[in-house]
Amino acid sequence: MHNFGGFEQIFTMGQLMDYSSFHDEIREHPEHPGMFLGLTYIRAFSASNPAPFPVLALRFALFQSQEGLLEYSFLKEFQPSQT
């Protein structure tokens, strides 16, 4: 387990960043299990973006390890079925 809050305080000289003006969207790629593609937007009418529309700030990809895929498949097996 990593304490990213502690690292953030070191790199920002004790000031915690406010990420409330950002919005993330993430989707798993349908042909590649464990590969997630995402976009980060800056919300409209925020301090970082005074424009009336969201602005694309960042594109990112996350990859799940084989161990994570195995754990996720076990988790899906034990969830109650939806009717």
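Rules used throughout
Residues numbered from 1 in each chain as written. Predicted model: local features only at pLDDT ≥ 70, side-chain atom pairs only at ≥ 80, totals over all residues. Heavy atoms only, no water. Helix = DSSP H or I, 4+ residues; strand = E, 2+ residues; numbered from the N terminus. Buried < 20%, exposed > 50% of the residue type's maximum accessible area, 1.4 Å probe, protein only. Contact = heavy atoms within 4.5 Å. Pairing = 2+ DSSP bridges. Axes fitted to C-alpha atoms, helices over the stretch in contact; angles between N-to-C directions. pLDDT = per-residue confidence, 0-100. Polar contact = N/O pair within 3.5 Å; in protein donor to acceptor, adjacent residues only side chain to side chain.

Let us now look at the overall build of the protein. What the protein contains, in helices and strands, is two helices and three strands. Starting at the N terminus and walking to the C terminus, you meet the elements of the protein as α-β-β-β-α. Relative to its 83 residues, the protein shows a buried fraction of 12%. Within the protein, contacts between residues separated by at least 24 positions form 20% of all contacts whose residues are at least 6 apart in sequence.

Negative phi values dominate among residues other than glycine, just as trans dominates among peptide bonds. Phi is positive for Phe45, close to 60°, though the residue is something other than glycine. Structurally, Phe45 is set in the loop between β2 (35-42) and β3 (55-63). On the basis of relative accessibility, which here comes to 63%, the residue Phe45 falls in the exposed class.

Quick look at the side chain of Ser21 now. Checked against the element boundaries, Ser21 lands in the loop between α1 (4-11) and β1 (22-28). The class of Ser21 is buried, set by a relative accessible area of 11%. Residues in contact with Ser21, not counting those within four places in the same chain, are Tyr41, Ile42, Arg43, Ser46 and Ser48.

With antiparallel pairing, the three strands of this open sheet are ordered in space as β1-β2-β3. Each of the sheet's edge strands pairs with one partner strand only, and the pair in question is β1 and β3. Ignoring which end each strand starts from, the neighbouring axes of this sheet average 20° apart. Relative to β2, β1 runs antiparallel, the two sharing seven bridges. Within β2, the residue paired with Ile26 across the bridge is Gly38.

Let us now look at the confidence of the model for the protein. Detailed reading of the predicted coordinates is not advisable wherever pLDDT is low. Mean pLDDT over the protein works out to 77, with 71% of the residues at or above the 70 mark. Within the protein, β2 carries the highest mean pLDDT (92), whereas α1 carries the lowest (54).

Along the chain, Ser46 falls in the loop between β2 and β3. Within the structure, Ser46 has its side chain in polar contact with the backbone oxygen of Arg43 (distance 2.9 Å).

Here we take up the environment of Met35. With respect to the helices and strands, Met35 occurs in strand β2. Measuring from C-alpha to C-alpha, the distance between Met35 and Ala61 comes to 7.1 Å, with 26 residues separating the pair along the chain. If we ignore the near neighbours within four places in the chain, the residues touching Met35 are Arg27, Glu28, His29, Leu62 and Phe63.

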